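The lines below spell out each chain.
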Amino acid sequence: MSSVDFTWLIGGPQGSGVDSGANVFSKVCAQTGYQIFGKREFYSNIKGDHSYFVVRVSDKDIHSNVNDITLMASFDAETIFRHFNEVSKDGGIIYDSDLDKITTDEVHTLDTYFKERLHKELTFKNKPFTITGVLEIAKEKGVNLYPVSFREILSNLAEETENPKLKGLVRMFNVLAVSLSLGLIKMPLDPLLQSIDSIFSKKSQIAEINKQAANYAYDYAKSKFDNFQYSLTGTAKRPDTILVQGHFGTSIGKMVSGCRFQSYYPITPASDESVYLESHELLEIQNDRPGSTIVIQTEDEISAMGMMIGAALTGTRASTSTSGPGFALMTEALGWAGINEVPIVITLYQRSGPSTGLPTRHGQDDLLFAVHAGHGDFPKIVYASGDIEESFYDTGRCFNYADIYQIPVIHMMDKFLSSSVVTCKKFDPQKVSIDRGLLLDKIEGEYKRFAFTDDGISPRSRLGLDNGVFWNTGDESDEFGHITEDPQIRIKMMDKRMSRLDLVLSRIPDDEQVVSFGVSDYTIISWGSTKGPILDAISMLKKEGIDIGFIQIKLIHPFPSDYVSSLLKNTKTIIDIEANHSGQLGKIFKQNISREIDYFILKYTGRGMTSTEIYDSLKKIVENKANKREVLSHGA
Amino acid sequence: MALKLADYKTEVHNDWCPGCGDFGIVNALQMALAEMGIERDKATIFSGIGCSGKTSHFINTYGVHTLHGRVLTFAQGGKLANPEMTVVAVGGDGDGLGIGAGHFVAAGRRNIDMTYIIFDNGVYGLTKGQASPTLKLGEKTKSLPSPNTNYNVNPIGLAVASGFTFVARGYSYDVRHLKDLIIKAVRHKGLSFLDVLQPCPTYNDINTRDWYAGVDLAQESMERHSRIYKLEDMHFDPMVHYDDESEVNEKLSQALIKSLEWGQKIPIGVFYQNELISQYSTRLTDRIPNYLENPPAKQKISENGLPVTDVSEILDSLRI
């Protein structure tokens, strides 16, 4: 049996149910045993602008999207205009035949720049500026077209079910598009109906209407269209698989790690995590009374940071979640946490900057900013997760690092991860450990919060603890925490704090710092969410006999120079892959290891990398045809 | 063993200028803590930046000297995580009403059970006397190159409008009265605000101790005609007695009107108090019934190094 590797795209105006359509499709595919990698793209807009969701389905492990779309489900004109070129030869386009004559100018959300490029192509190929025009191009390429009048389906359905309300119910278009797709690929019907039931579990009437429509559209596609060569009839389910959205790793990770206070200010794409924590604020605790997470929406990110630090001073595991612009506001207080040795975790869901940048698009733009955030010298940890599953366990690590080394930890996440929907192995809370470091439960005798100790870490009291009175100040302080400007104490205190960086490097196990997926003559260094597409690209090349190494650097500050150097000592060509303009990890690498990066594969369009793009660039590198900077641009 | 006033003092050298109004406030605060018998390790003084920011180092309780303008954020976070603590936040008027004004307003909306004291002197002392938010338009204190071009913030009015449920003003040279106000503020159930008039002898040569004492009004004689008077002496009733819109509106507006009084007569005392507004902790317990018994700082999160939070229900719902 040949393996399944199928990519489905659904698009439509924001607010038209593209997301819920994609969720239904993903769920159905996951329930029939497939692995899923889905990703959402959307404008900074509430209603009307184009959003789309790409879901890749396979019976093998997949970690990324690919360039080619096997089946596109559209119910508006814009989706066709924007994506017709992505559909592969032998692939298919399901579209609303009532849209045939729509011109590019009639779609007001098509921006000028895109339209200019499209018109150029259409003119060159001598096609009209209409849906018919672009579909002709697709057809000539070998794409199968599946025209369906969505309105006609609804009218027929309205007649059959004697429910006139159904007629013209545009809201149902997404369900129709999903059901037509599933019928076309001959997916079993039951999981679709169950999935609708679970989405509308509280609205049985709406569930019923949707199921009727789904059923009808499913049968329609199955009976009318028979020339599609792809079918997904199900595969063996893997045990302990979950279907998760981007922020589930860090949010469930926070619950399990004992984070009990989260302050935040709304920002895309970070706030989903806080909202999720609040909607699950009551926690079940084994053999104990119920616990809770206090989630506070603050007046700004400065306040989110201040509140988190205040809470952390009471011994509570405290956190915030933000994105670049918010993090920028937090940096003064980050230094305060640094000089006062306060354990805090900042989950930084990066997006594309600078400034507001591309507010709903992806970017790994903030690595250097995170490493250098705050004025003055103080120790901090910058730690990056490569995928959602990893981010669950990494959240636990970040809290431990913060507690053990009594320093702020910045957990790097990004928009690529946050807007992904993937299948992965069920998170295992028993694989998370909780180490509070030198946090005290009891104090007798004289207490000095910042006592000089052999390893530079002082036993930590908490606000409200008996006999544990201490002082904090953003000024330089003595062992009690009182202000001092004494030059000798200053030296000792700076040395005490900064020595943490060496402790971090010597005590955190190597495989928590860097994950090596093998090294070879050509080895990739990267960090964060590029992991998935890199892994998939490498395995594509492996099939062709090309061996590419990959080391995923998770601990970025302090930088594990010795370990990284030792891993790369036999590598001839180092390739840095990152979703930013300047190759920020490469800069850190060069600064610490004084070795040149040979090639950069970079992307800063705001759209995530696909494994196809990385594959293409790596191949060029191996064939000695690449530029030093390979800049990727796939994606609408 | 009962705690004495001396127990609340630290040995940290106090470097405020001779004659600074801040001394009266720190003394009153120490006296209030002693009188209430609050254990040293059950109270935290949070402070902002500037001369007043050093306050926390002079008081022998937990002390957190924070960032300029951000004191309320740290204090609220601490109180929310450990609601058993007595929390007092202090800072200057530039700190709280200039750079920190957004936090001031937001704190009022939350009504967390704690106290905020502003050391109000009309100047930024530690940076050599620039105009601060409470300095009146057109006034020129001695280190200003030209008269102040900004209208002043009305701290009492802003507090009342922002939702603070206890709003009062004290005078740093009336330490006993101030001590009593602090006790009332700390005992108030909800967020209390104290605007303390505090002459800066070095940079504010307009609102001096003599000016408050009315020396300039005494004309020929040496008799004093203090500008300061106490609201309680005028039988002013600041309390919202029952939960009724007209009662609340009346008390809010009389506080606002009183807050505008300045110049010849300056009221101190309690302007407004409303304990009928729910505290933030009540709003939380509506959702999290055991929040006060099992707040974040008290929660058990692990046993033998392993997590005890049971997320199996969530994970099961995600299972395919």
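It should be emphasised that the depicted structure is a prediction, and the values quoted were computed from it without experimental measurement.

What counts and how
Residues numbered from 1 in each chain as written. Chains lettered and ligands numbered in written order. Predicted model: local features only at pLDDT ≥ 70, side-chain atom pairs only at ≥ 80, totals over all residues. Helix = DSSP H or I, 4+ residues; strand = E, 2+ residues; numbered from the N terminus. Rg over C-alpha atoms; globule rule 2.2 N^0.38 Å. Contact = placed C-beta atoms within 7 Å. Buried ≥ 20, exposed ≤ 12 C-beta atoms within 10 Å, placed from the backbone. Pairing = 2+ DSSP bridges. Axes fitted to C-alpha atoms, helices over the stretch in contact; angles between N-to-C directions. Parallel < 35°, antiparallel > 145°, perpendicular 65-115°, else oblique. Left-handed = near helix turned anticlockwise from the far one by under 90°. Nonpolar A, V, L, I, M, F, W, Y, C, P; charged D, E, K, R; others polar. Arc of directions from axis to C-beta. Domains from an automatic or database assignment. Core = buried A, V, L, I, M, F, W, Y, C linked by C-beta atoms within 7 Å.

**Overview of the overall build of chain A**
A count of helical and extended segments in chain A gives 22 helices and 24 strands. The C-alpha atoms of chain A give 27 Å as radius of gyration, which agrees with the globular expectation for 636 residues (26 Å, within 12%). Taking contacts inside chain A between residues at least 6 apart in sequence as the whole, the part at least 24 apart equals 75%.

**Examining the overall build of chain B**
Across its full length, chain B holds eleven helices and 13 strands. Its C-alpha atoms put chain B at 90 × 50 × 45 Å along the principal axes. Burial statistics for chain B: of 320 residues in total, 49% are counted as buried. Taking the intrachain contacts of chain B between residues at least 6 apart in sequence as the baseline, contacts between residues at least 24 apart amount to 68%.

**Things to note about the sheet that holds strand β10 (residues 266-273) of chain B**
Ordered by their spatial adjacency, nine strands build an open sheet running β17(A)-β2(B)-β1(B)-β3(B)-β4(B)-β8(B)-β7(B)-β10(B)-β9(B), and the pairing between neighbours is mixed. Here the strands that pair on one side only, and so sit at the sheet edges, are β17 (471-473) of chain A together with β9 (228-230) of chain B. Averaged over all pairs of adjacent strands, the angle between strand axes in this sheet comes to 20°, irrespective of strand direction. Looking at chain direction, β9 of chain B and β10 of chain B are connected through three bridges and run parallel. Counterpart to tyrosine 229 of chain B in the pairing with β10 of chain B is proline 267 of chain B. Running at roughly 160° to strand β4 (residues 114-120) of chain B, helix α1 (residues 22-36) of chain B makes contact with β1 (43-47), β3 (86-92), β4 and β8 (191-197) of chain B of the sheet.

**Description of the pairing of strand β5 (residues 87-96) of chain A**
Residues and elements named next belong to chain A. Burial analysis of β5 places seven of its ten residues in the buried class, the great majority of the element. In the sheet, strand β4 (residues 69-74) pairs with β5 via four bridges, with the strands oriented parallel. When the bridges of β5 are listed, methionine 72 appears paired with isoleucine 93. One ladder, built from five bridges, connects β5 with strand β6 (residues 144-148); its direction is parallel. When the sheet's bridge partners are listed, glycine 92 is paired in β6 with asparagine 144.

**Focus on the packing of helix α1 (residues 18-31) of chain A against helix α6 (residues 173-184) of chain A**
Residues and elements named next belong to chain A. Close contact between α1 and α6 brings their axes to 9 Å; oriented N to C, the two are set at 30°. The orientation of α1 with respect to α6, classified from their angle, is roughly parallel. When you trace α1 past α6, the crossing you get is right-handed. Contacts between α1 and α6 involve Val18, Ser20, Gly21, Val24, Phe25 and Val28 on the former and, on the latter, Asn174, Val175, Ala177, Val178, Ser181 and Leu182. Classifying every residue of the contact of α1 with α6 gives eight nonpolar, four polar and no charged.

**Things to note about helix α3 (residues 71-81) of chain B**
With eleven of its eleven residues buried, α3 of chain B lies for the most part within the structure. Buried within α3 of chain B are the following residues: Val71, Leu72, Thr73, Phe74, Ala75, Gln76, Gly77, Gly78, Lys79, Leu80 and Ala81 of chain B.

**Looking at the interface of chain A and chain B**
Listed by partner, the interface residues are 71 residues for chain A and 54 residues for chain B. Counting residues per element, the side of chain A that touches chain B draws most heavily on helix α11 (residues 301-313) of chain A, at nine residues. Classifying every residue of the side of chain A that touches chain B gives 32 nonpolar, 25 polar and 14 charged.

**A look at unusual backbone geometry**
Apart from glycine, the bulk of residues carry a negative phi angle, and the bulk of peptide bonds sit in the trans form. Residue and element names in this part refer to chain A. Note that the residue after threonine 268, namely proline 269, is joined by a cis bond; omega there is 0°. Position of proline 269 among the secondary structure elements: in the loop between β8 (259-264) and α10 (271-279). Along the chain, glycine 353 connects to proline 354 via a cis peptide bond; the corresponding omega equals 0°. Within the secondary structure, proline 354 is located in the loop between β13 (345-350) and α13 (367-372). Although it is not a glycine, aspartate 240 sits at a positive phi angle of roughly 55°.

**What about helix α5 (residues 150-160) of chain A?**
All names here are of chain A. Among the residues making up α5, those that are buried are Phe150, Ile153, Leu154 and Leu157. Angular distribution of buried residues about the axis of α5 spans 95°; they occupy a single face of the element. Summarising the contacts, the buried residues of α5 are in contact with β5, β6, α6 and α8 (204-224). Glutamate 162 sits one or two residues past α5 and shows a positive phi near 50°.

**Some thoughts on the domain arrangement of chain A**
All names here are of chain A. Domains assigned within chain A are domain 1 (5-224), domain 2 (244-431), domain 3 (438-508) and domain 4 (513-632). Contact residues are listed per partner, giving twelve residues for domain 1 and eight residues for domain 2. Residue assignment for the side of domain 1 that touches domain 2 shows that the elements contributing at least two residues are α1 and β2 (35-41). For the side of domain 1 that touches domain 2, the class distribution of residues is five nonpolar, five polar and two charged.

**Notes on the nonpolar core**
Leu176 and Ile309 of chain A together with Val167 of chain B are the most contacted members of the largest nonpolar core, which has 245 residues in total. Contacts of valine 167 of chain B, omitting those with residues within four sequence positions, involve Ile156, Ala159, Val160, Phe193, Ala255, Phe271 and Tyr272 of chain B. Counting seven residues, the second-largest nonpolar core is a separate cluster that includes Val123, Ala131, Leu135 and Tyr203 of chain B.

**Quick notes on the sheet that holds strand β7 (residues 241-245) of chain A**
All names here are of chain A. Read across the sheet, eight strands follow the order β6-β5-β4-β1-β3-β2-β16-β7 without closing on themselves; strand pairing throughout is mixed. In this open sheet, the two edge strands, each paired with only one partner strand, are β6 and β7. Strand-to-strand twist across the sheet, computed as the mean angle between neighbouring axes with direction ignored, equals 15°. Sheet strands in contact with α6 are β1 (5-13), β4, β5 and β6, and its direction is about 145° off that of β4.

**Thoughts on the environment of glutamate 313 of chain B**
Residue and element names in this part refer to chain B. Mapping glutamate 313 onto the fold places it in helix α11 (residues 312-318). A residue is classified by how many C-beta atoms lie within 10 Å of it, and glutamate 313, with 9 of them, is exposed. A C-alpha to C-alpha distance of 48 Å links glutamate 313 and tyrosine 272, two positions 41 residues apart in sequence.

**What to know about the environment of glycine 606 of chain A**
By secondary structure assignment, the location of glycine 606 of chain A is in the loop between β23 (599-603) and α22 (611-622). Not counting the four nearest positions on each side in its chain, glycine 606 of chain A is found in contact with Ser352, Leu358, Arg361, His362 and Gly363 of chain A.

**Observations regarding the pairing of β4 of chain B**
Residues and elements named next belong to chain B. Counting buried residues along β4, seven of its seven residues qualify, which places the element largely inside the surrounding structure. Of the two faces of β4, the one carrying Met114, Tyr116, Ile118 and Asp120 and the one carrying Thr115, Ile117 and Phe119 are both buried. In this sheet, β4 lies alongside β3 in parallel orientation, the contact comprising five bridges. Across the sheet, the residue bridging to valine 90 is isoleucine 117, located in β4. Both β4 and β8 contribute to a ladder of seven bridges, which runs parallel. Each residue of the ladder has a partner; that of methionine 114, found in β8, is leucine 191.

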